[in-house]
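# Observations on the three-dimensional arrangement
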Amino acid sequence: MSAPNLFLVYVTDAERSTAFYSDLFDMKPMMVTPRYIPFEVAPGVVFALWSGQSDQLGRQTPRTSEIGLMLPGPASAVDELHAVWTAKGATVVEPPHDEVFGRTFVVADPDGNLIRVAPVD
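The notes below deal with the structure included here. Just so it is clear, the structure is predicted and the values come from calculations on it, not from any experiment.

Reading guide: rules and limits
Residues numbered from 1 in each chain as written. Predicted model: local features only at pLDDT ≥ 70, side-chain atom pairs only at ≥ 80, totals over all residues. Heavy atoms only, no water. Pairing = 2+ DSSP bridges. Helix = DSSP H or I, 4+ residues; strand = E, 2+ residues; numbered from the N terminus. Axes fitted to C-alpha atoms, helices over the stretch in contact; angles between N-to-C directions. Contact = heavy atoms within 4.5 Å. Buried < 20%, exposed > 50% of the residue type's maximum accessible area, 1.4 Å probe, protein only.

### Description of the sheet that holds strand S2 (residues 36-42)
- Reading across the sheet, the three strands line up as S1-S3-S2 and stay open at both edges, with mixed pairing between neighbours. Edge positions in the open sheet fall to strand S1 (6-10) and S2, since each of these has one partner strand only. Averaged over all adjacent pairs, the angle separating strand axes in this sheet is 20°, with direction ignored.
- Where S2 and strand S3 (residues 45-50) come together, six bridges link them in antiparallel fashion. In the sheet register, Tyr36 faces S3, and the bridge partner there is Trp50.
- Of the strands in this sheet, S1, S2 and S3 are in contact with helix H1 (residues 14-25), which crosses S2 at around 20°.

Listed below in structure tokens is the structure:
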């Protein structure tokens, strides 16, 4: 059995979202096409933006998952990244707080996709 190695995030404006994620995560895409922009996040693992049929996607499209970034280090690392991302203009959905798994916060991309930051499990 193989493990998942492609994670798609649906977006309505590929160019805007490419700029958002490139800046937020400080990474460059592997390539850029009008509707598909992949980022290699680990060897053989791709996080990609996909606008697909943009007339069928919009803010009203239900979001049923989150993108996750697990940070090593102390809880203060989560707060520090929150400060960096809010300085970049990220929309805060949940400010930093403590959960059963540790310090966390959630921001949204321009399409409302959620991005959670939490400690390494």
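We are not done yet, so read on.
### A short note on the sheet that holds strand S7 (residues 114-119)
- Overall, mixed pairing links the four strands, which are arranged S4-S7-S6-S5 in an open sheet. What marks the edges here is a single partner per strand, and that holds for strand S4 (66-71) and strand S5 (91-99). In this sheet, adjacent strand axes meet at a mean angle of 15° when their direction is disregarded.
- Pairing of S5 with strand S6 (residues 102-108) involves six bridges; the strand directions are antiparallel. Considered in S6, the bridge of Glu94 is made with Val106.
- Relative to S7, H1 is tilted by about 10°, and along the sheet it contacts S4, S6 and S7.

### Focus on the environment of Ala19
- Locating Ala19 in the fold gives a position in helix H1.
- Between the C-alpha atom of Ala19 and that of Pro29, which follows or precedes it by ten residues, the distance is 9.9 Å.

### Quick word on the side chain of Thr18
- For Thr18, the position within the fold is in helix H1.
- With a relative accessible area of 11%, Thr18 lands in the buried category.
- Not counting residues up to four positions away in its chain, the partners in contact with Thr18 are Pro29, Ile37, Phe39 and Leu49.

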